[in-house]
Amino acid sequence: MPAASAPDLQLSLLAINDFHGQLQDKDPTPTRVRIRDPKDSSRQIMVPGGGIAYLATMLDRLRAKDPQALFVAAGDLIGASPLTSMLLKDEPTLQAMSDIGLSASALGNHELDAGMAELQRKMAGRCPAEGCAFPSFKTPTFQYLAANMVQADTGQPVLQPWKMVEIGRA
């Protein structure tokens, strides 16, 4: 007799990329994005698109509709960041991503702007000898994943190439 198959699971992914430490919506040059005009689909309009508050609000709205949705990123959460994040070594951005429930992110090239050792320090939640730039910095609750980056001397991945993520919330 064939084994019973597990029921299908519908999974919603809420995904971002290239956040680049855009914590504030009113930096000297606010981020704006072009979208299709909801009143006239033949036109496009510019709308505010930056800031952790905008992102957190949108995630809350989407999670209200689908509480099992998984929030992931495709890299470049940090690096090439505005001063509000960069001067604090992007620690506030990593903290904010944890606070809004990021599950995992691919490793982007800008995560390595300060080098692999600095990224590993941040991911372990360690502060340098002089202390963390962002006093309330804690170990991020999400994982960086990198399937295509290996150590030259061993050929082993520098980070986990994948991670099983528990879907849902307690």
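Refer to the structure presented above.
Bear in mind the structure is a predicted one, so any value in this text is a computation, not a measurement.

A few points about the overall build of the chain
Inference 1: Along the chain, the regular secondary structure elements total four helices and six strands.
Inference 2: Secondary structure elements of the chain, listed N to C terminal, follow the sequence β-β-β-α-β-α-α-β-α-β.
Inference 3: Once the C-alpha set of the chain is aligned to its principal axes, its extents read approximately 60 × 50 × 30 Å.
Inference 4: Within the chain, the fraction of its 170 residues that count as buried is 36%.
Inference 5: A separation of at least 24 residues holds for 68% of the contacts in the chain among residues at least 6 apart in sequence.

As for helix α3 (residues 91-99)
Inference 1: Counting buried positions over the nine residues of α3 gives eight, a clear majority of the element.
Inference 2: Those residues of α3 that fall on the buried side of the exposure criterion are E91, P92, T93, L94, Q95, A96, M97 and S98.
Inference 3: For α3, the elements touching its buried residues are β1 (13-16), α1 (52-65), β4 (70-73), α2 (83-86), α4 (116-124) and β6 (143-145).
Inference 4: One or two residues past the end of α3 sits G101, with phi positive at roughly 90°.

Comments concerning the nonpolar core
Inference 1: In this structure, L55, F71, L77, M97 and Y144 are the most contacted members of the largest nonpolar core, which totals 29 residues.
Inference 2: Broken down by secondary-structure element, the contributors of at least two residues to this core are β1, α1, β4, α3 and α4.
Inference 3: Per-element accounting of this core gives the leading share, four residues, to α1.
Inference 4: In contact with L77, other than residues within four places in its own chain, are I16, F19, H20, G21, T93, M97, L102, S105, E111, F142 and Y144.

With respect to the state of the cysteines
Inference 1: In the structure shown here, the tally under the stated rule is one disulfide.
Inference 2: At a sulfur-sulfur separation of 1.8 Å, the disulfide partner of C127 is C132. Here C127 and C132 share a disulfide; its torsion about the S-S bond, -100°, makes the bridge left-handed.

Definitions and limits used
Residues numbered from 1 in each chain as written. Predicted model: local features only at pLDDT ≥ 70, side-chain atom pairs only at ≥ 80, totals over all residues. Heavy atoms only, no water. Helix = DSSP H or I, 4+ residues; strand = E, 2+ residues; numbered from the N terminus. Buried < 20%, exposed > 50% of the residue type's maximum accessible area, 1.4 Å probe, protein only. Contact = heavy atoms within 4.5 Å. Core = buried A, V, L, I, M, F, W, Y, C linked by side-chain atoms within 4.5 Å. Disulfide = S-S within 2.5 Å.

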